[in-house]
Amino acid sequence: MTNALTLIIGKVIRFMDSFLSDARALAPALGALRHGIHRAPELGGRETQTALTIEQFFAGLGVPTRRVGKTGVTATLRGALPGPLAAFRADMDALPVAEQTCAPFASEAPGVMHACGHDFHMASALGAASLLAARAESLHGGVRFLFEPDEEGDGGAAGLIAAGCLDGVSAVFGAHVSPELPAGTFGFRFGKFYAASNPFTVAVTGKTAHGAEPEKGVDALYAAAETACALKQLQAPLTARFGRTVVTVGTLHSGSACNILAGEASLSGILRTLGPEARRESLLALEQTVRRVAGETGVQYKLCVTDGYPGIVNADAPTRLALAACGELAVPARVLDAPTMMTEDFGLYLDNVPGSFYHIGVGGDAPLHSPQFLPSDSLLPAAAAVSAAILWKFLQEEPSCRPSL
């Protein structure tokens, strides 16, 4: 029994090793693909050339694609064996950032750059598709690759979901480059990972008066400033209750002259929370705070809150599986200690099916959204191999989820 188990484990390790070796053989092609995408970045909702590049790549693999909306693309790679359907998301859009990398493949679009690594995400996802397509004869089920437009703007996930792109999907995976992690490592997080976001605005109405006679007016500027301070002071007690919570007031506009009591003011900000309970209770506290300050200062107010991205809460089983796939590949991986207060619309997929989102360590000094941000091409093969191995492992090991495709 022990000898048989040893043989099985050795076979699994050798098979996983083949993902890495084959991905390294693809390195020049993946680099060239990434360079082409990076050189021609497109803002959210305008990714027309990017979409064509993706469609042409899958046509070369013999995998059918579907255009969703103007620029979204899905591709469903089916294996020869029965099994479930998994999904993998890669985002497509660039940012309005003027590149300062001096790379030979730097952006040729003035003021537009892949400063968040979406070019890397797409190239590594296409690499994973290539690795799995080469193994289609022994692949259970299939993989639907989701290439999502406008993640940085209004978010493309909702449109893909509404178009049925998760229909029949048993689990969804995705990844994001992380300069905080050492290059070549991978980071996984169980449970709460990314924050939910709720942008908000507060319009304050008072009564204009001469600055020398404030008793004849109602100071909207003062009320707005008090509101901003009170909202910031919410952060500590909310964090004590729910874990890290961030309340940011980013703008405050009011007044027309130094000797006039302002009759109107407006402020805007964003609330970031971890998990649905924290989001619900923090939104209630925000509304109560605005109402309280308005009552204390005698102004009228209008609070508008937008439901932003829902945050990312990873399911345990897919996260364990993804972490185990890294172990079988023998690539450095770790469980991340803390969530991030950044936000991501991948959480919309997780609201519909279980799954896991993880980080690809790229190191470097430049942060995300910086004009100097440029992950190394040398990291693409491992990223592609890890994505392929996670999908392969899920499809191989979920017999209870194996309706015939």
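For the structure itself, look to the data block above.
These notes cover the structure that comes with them. These figures come from a predicted structure and were not determined experimentally.

So, about the pairing of strand β16 (residues 355-361). By the criterion of burial, β16 is predominantly enclosed, with seven of the seven residues buried. Burial along β16 is two-sided: Gly355, Phe357, His359 and Gly361 and Ser356, Tyr358 and Ile360, pointing in opposite directions, are all buried. Note that strand β5 (residues 169-178) and β16 share seven bridges and pair parallel. Across the sheet, residue His176 finds its bridge partner in β16, namely His359.

With that settled, consider the environment of Val249. As for its placement among the helices and strands, Val249 is situated in strand β10 (residues 246-254). The sequence separation of Val249 and Leu234 amounts to 15 residues, and the corresponding C-alpha distance is 12 Å. Apart from the residues within four sequence positions on either side, Val249 is in contact with Phe200, Ala228, Leu231, Leu267, Ser268 and Gly269.

The biggest cluster of nonpolar side chains holds 67 residues, and the ones touching the most others in it are Phe19, Leu132, Phe145 and Phe147. The dominant element in this core, judged by the number of residues it contributes, is helix α11 (residues 380-397), at twelve residues.

The next thing to look at is the layout of surface pockets. Its boundaries defined by the atoms lining it, the largest pocket holds a volume of some 390 Å³. Lining the largest pocket are 19 residues, and of these Glu151, Glu152, Tyr309, Thr343 and Glu344 sit closest to its centre.

By way of backbone hydrogen bonds, the strands of a sheet pair with one another, either parallel or antiparallel. Spatial ordering of the open sheet is given by β1-β2-β4-β3-β5-β16-β6-β15, a layout of eight strands whose pairing is mixed. Single-partner strands in this sheet number two, and they are β1 (65-68) and β15 (333-335). Direction aside, the axes of adjacent strands within the sheet are offset by 25° on average. Its contacts with the sheet place helix α4 (residues 118-133) against β2 (72-78), β3 (81-91), β4 (140-148), β5 and β16, and it is angled at close to 160° to β4. Those strands touched by helix α9 (residues 316-329) are β5, β6 (186-188), β15 and β16, and its axis lies near 160° from that of β6.

Let's shift gears to the sheet that holds β10. On the basis of which strands lie adjacent, the open sheet formed by four strands has the order β10-β12-β8-β13 and antiparallel pairing. A single partner strand is all that each edge strand has here, and the edge strands are β10 and β13 (300-305). Strand-to-strand, the axes of this sheet are offset by a mean angle of 15°, without reference to chain direction. In this sheet, β13 lies alongside strand β8 (residues 196-205) in antiparallel orientation, the contact comprising six bridges. Residue pairing in the sheet places Val204 in a bridge with Tyr301 of β13. Here helix α8 (residues 276-297) sits on the sheet in contact with β8, β12 (264-273) and β13, set at roughly 165° to β13.

If you walk through the whole model with that rule in mind, you get two cavities of 30 Å³ or more. Of the pockets and cavities examined, the largest cavity occupies roughly 40 Å³. Taken together, Phe88, Arg89, His121, Ser124, Ala175, Ile360 and Ser387 make up the full set of residues lining the largest cavity. Put simply, the parts of the chain that give the lining of the largest cavity at least two residues each are β3 and α4. Considering only residue class, the lining of the largest cavity consists of three nonpolar, three polar and one charged. By volume, the second largest cavity amounts to about 30 Å³.

Here the focus is the packing of α4 against α11. Two elements in contact, α4 and α11, have axes separated by 8 Å at closest approach and are oriented at 55°. In terms of orientation, α4 and α11 fall into the oblique class. Here α4 and α11 pass one another in a crossing that is right-handed. For the pair α4 and α11, the contacting residues are Phe120, Ala123, Ser124, Gly127, Ala128, Leu131 and Leu132 in the first and Leu380, Ala383, Ala384, Ala385, Ser387, Ala388, Leu391 and Trp392 in the second.

What counts, and at which threshold
Residues numbered from 1 in each chain as written. Predicted model: local features only at pLDDT ≥ 70, side-chain atom pairs only at ≥ 80, totals over all residues. Heavy atoms only, no water. Buried < 20%, exposed > 50% of the residue type's maximum accessible area, 1.4 Å probe, protein only. Helix = DSSP H or I, 4+ residues; strand = E, 2+ residues; numbered from the N terminus. Pairing = 2+ DSSP bridges. Contact = heavy atoms within 4.5 Å. Core = buried A, V, L, I, M, F, W, Y, C linked by side-chain atoms within 4.5 Å. 1 Å grid on protein atoms, 1.4 Å probe; cavity = no way out; pocket = protein on both sides within 12 Å on 5 of 7 lines; lining within 4 Å. Points joined across faces, edges and corners; volume = space filled by probe spheres on them. Axes fitted to C-alpha atoms, helices over the stretch in contact; angles between N-to-C directions. Nonpolar A, V, L, I, M, F, W, Y, C, P; charged D, E, K, R; others polar. Parallel < 35°, antiparallel > 145°, perpendicular 65-115°, else oblique. Left-handed = near helix turned anticlockwise from the far one by under 90°.

That is the geometry; function is a separate question.
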